[in-house]
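Residues per chain are reported as follows:
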Amino acid sequence: MNFPLAHRVSGFGLTIFSEMSRLAAEHGAVNLGQGFPDFDGPEPAKDAASAAIRAGQNQYAPTTGTPALRQAIARHARRFYGQDLDPEAEITVTSGATEAMLAAFLGLLNPGDEVVMFEPYFDSYVPHCAMVGAIPRLVPLRPQAKADGAIEWVFDPDELAAAFNARTRLCLLNTPHNPTGKVFSEAELRLIAELCQRWDVLALSDEVYEHLVYPGARHTRLAALPGMAERTLTVGSSGKIFNFTGWKIGWAIGPAALSLGVRRAHQYITFCSATPLQGAVAAALDLDDEYYQALAADYTGKRDYLTGVLRAAGLRVSVPQGTYFCMADFSPLGFDGDDVDFCRWLTTAIGVAAIPASAMYAEAAKPLARHWARFAFCKRPETLAAAAERLQRLRR
Ligand code: GLN
């Protein structure tokens, strides 16, 4: 029997994250590939989740999310960004940020619409375009060494401007940026905002790493820039704020007209997200400022540790300003092969899994990533130490 795949998915392979996690498991490698913490989130949230299950909160939630969670998301947006949102019309709870992104695409884009985005990009963005028939217009971020040797990921403003045209419907931003760890500066965001307004396009801003920002960097919400609130949907995630990636509770927030697009699609994708987890995330969002400060401080320590380890192993490291990923250039090691070869060899021969950066660039720009691998540092100290011990072998 021959049942060919639908055209919309026939070009897709297995995601690079699943592929590298599988390879890591097969070879007993320390998995610094797929970004998921190997530790749990806050106890009060876990308690709230089990209490909710035991208290019988086990039936469908309202499709837009429980009122308690939507109100907590509104309080969070007010506390951290001074943003005023109507939980009734401007907040939609989804099954993870990835669903929020797809629902926004399905609800707001037509086939042939163009989407401006940077590359490297999070791996679902281009398949999401393919699934709705939208056309990605990719603008490369390039690694650039500053005078002190530090690496910055920069785009060419003219290249960005040239990506916009009359068919552009959406500008997709991700800050803090996976995989580069770049936190877009306010000046860069102003440029993006200005283009969105000049071409009258929507913005979809994936800000799931909003609280993972390190000393010296500052996260600016695209929606907070002048003229952007009315055209921007912002996507957030409890997976990233509370280290519960398996809970799959995310959200999209923004003006009623744009939220309506998300809601119309979301009701027919999952209808609603897990009820008892929504109450738990609501409780977690209300944790005091110390929780959020400790989260960033803890990850700063992990970042400093892993960047030190990679540097000591002989790689040229791009120190992330945000996220829990670190990009490293392995060309100083003299490895004979590209990033895919390197990551396979690193996993199978050295015992540490990483993600080949080219998986996050489209074909034309893959050469930019030929020598780059992404390492995740959302791991317990002992996991990072085990990786460090193995990575020392690169020196020899
Ligand atoms: N966001 C995580 C990463 O970038 C993993 C996502 C996934 O596996 N889909 O590694």
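In this text the structure is predicted, and so the values were computed from the model without any measurement.

(A) Representation of the overall build of the protein chain in the model. Scanning the protein chain from terminus to terminus reveals 14 helices and 15 strands. The C-alpha atoms of the protein chain give 21 Å as radius of gyration, which agrees with the globular expectation for 396 residues (21 Å, within 12%). Principal-axis analysis of the C-alpha atoms places the extent of the protein chain at approximately 60 × 60 × 55 Å. For the protein chain, buried positions account for 55% of its 396 residues. Taking all contacts inside the protein chain whose residues are at least 6 apart in sequence as the whole, residues at least 24 apart take part in 74%.

(B) Structural detail: the sheet that holds strand E2 (residues 91–94). Read across the open sheet, the seven strands follow the order E2-E10-E9-E8-E7-E3-E4; overall the sheet is mixed. Across the chains shown, the open sheet's two edge strands, defined by having one partner strand only, are E2 and strand E4 (135–140). Direction aside, the axes of adjacent strands within the sheet are offset by 20° on average. In this sheet, strand E9 (residues 232–237) lies alongside strand E8 (residues 202–206) in parallel orientation, the contact comprising four bridges. Its bridge partner being in E9, Ala203 is matched across the sheet by Thr232. Sheet contacts for helix H10 (residues 256–269): E2, E8, E9 and strand E10 (250–253); angle to E2, the most-contacted strand, approximately 30°.

(C) Expanded view of the sheet that holds strand E15 (residues 372–376). Taking strand neighbours across the sheet as the criterion, the four strands line up as E11-E12-E15-E14 in an open arrangement whose pairing is antiparallel. On the outer flanks of this sheet lie strand E11 (316–318) and strand E14 (355–356), each paired with one strand and no other. For E14 and E15, the ladder comprises two bridges, and the chain directions are antiparallel. Within E15, the position partnered with Ile355 by the bridge is Arg374.

(D) Representation of the site of the ligand in the model. Taken together, Phe17, Gln34, Gly35, Phe122, Asn178, Tyr209, Phe325 and Arg374 make up the full set of residues adjacent to the ligand. In the model, an oxygen atom of the ligand is placed 2.7 Å from a nitrogen or oxygen of the Gln34 side chain. Here Gly35 contributes a backbone N or O atom positioned 2.7 Å from an oxygen atom of the ligand. When the ligand sits alone it has 300 Å² of accessible area, and the protein chains cover 80% of it.

(E) Main features of unusual backbone geometry. Residues Glu119 and Pro120 are joined by a peptide bond in cis, for which omega reads 5°. Within the secondary structure layout, Pro120 lies in the loop between strand E3 (114–119) and helix H6 (125–132). Geometrically, the link from Thr175 to Pro176 is a cis peptide bond, its omega value of -15° lying close to zero. The topology assignment puts Pro176 in the loop between strand E7 (168–174) and helix H8 (186–198). Notably, Lys248 is not glycine yet its phi reads approximately 55°, a positive angle. Counting through the fold element by element, Lys248 comes out in the loop between helix H9 (238–241) and E10. Of the residues examined, Lys248 reaches a relative accessible area of 41% and is grouped as partly exposed. Even without being glycine, Phe271 reaches a positive phi, approximately 70°. Within the secondary structure, Phe271 sits in the loop between H10 and helix H11 (275–285).

Definitions and limits used
Residues numbered from 1 in each chain as written. Predicted model: local features only at pLDDT ≥ 70, side-chain atom pairs only at ≥ 80, totals over all residues. Heavy atoms only, no water. Helix = DSSP H or I, 4+ residues; strand = E, 2+ residues; numbered from the N terminus. Rg over C-alpha atoms; globule rule 2.2 N^0.38 Å. Buried < 20%, exposed > 50% of the residue type's maximum accessible area, 1.4 Å probe, protein only. Contact = heavy atoms within 4.5 Å. Pairing = 2+ DSSP bridges. Axes fitted to C-alpha atoms, helices over the stretch in contact; angles between N-to-C directions. Near = heavy atom within 4 Å. Polar contact = N/O pair within 3.5 Å; in protein donor to acceptor, adjacent residues only side chain to side chain. Areas by Shrake-Rupley, 256 points an atom, 1.4 Å probe, with all protein chains shown as cover.

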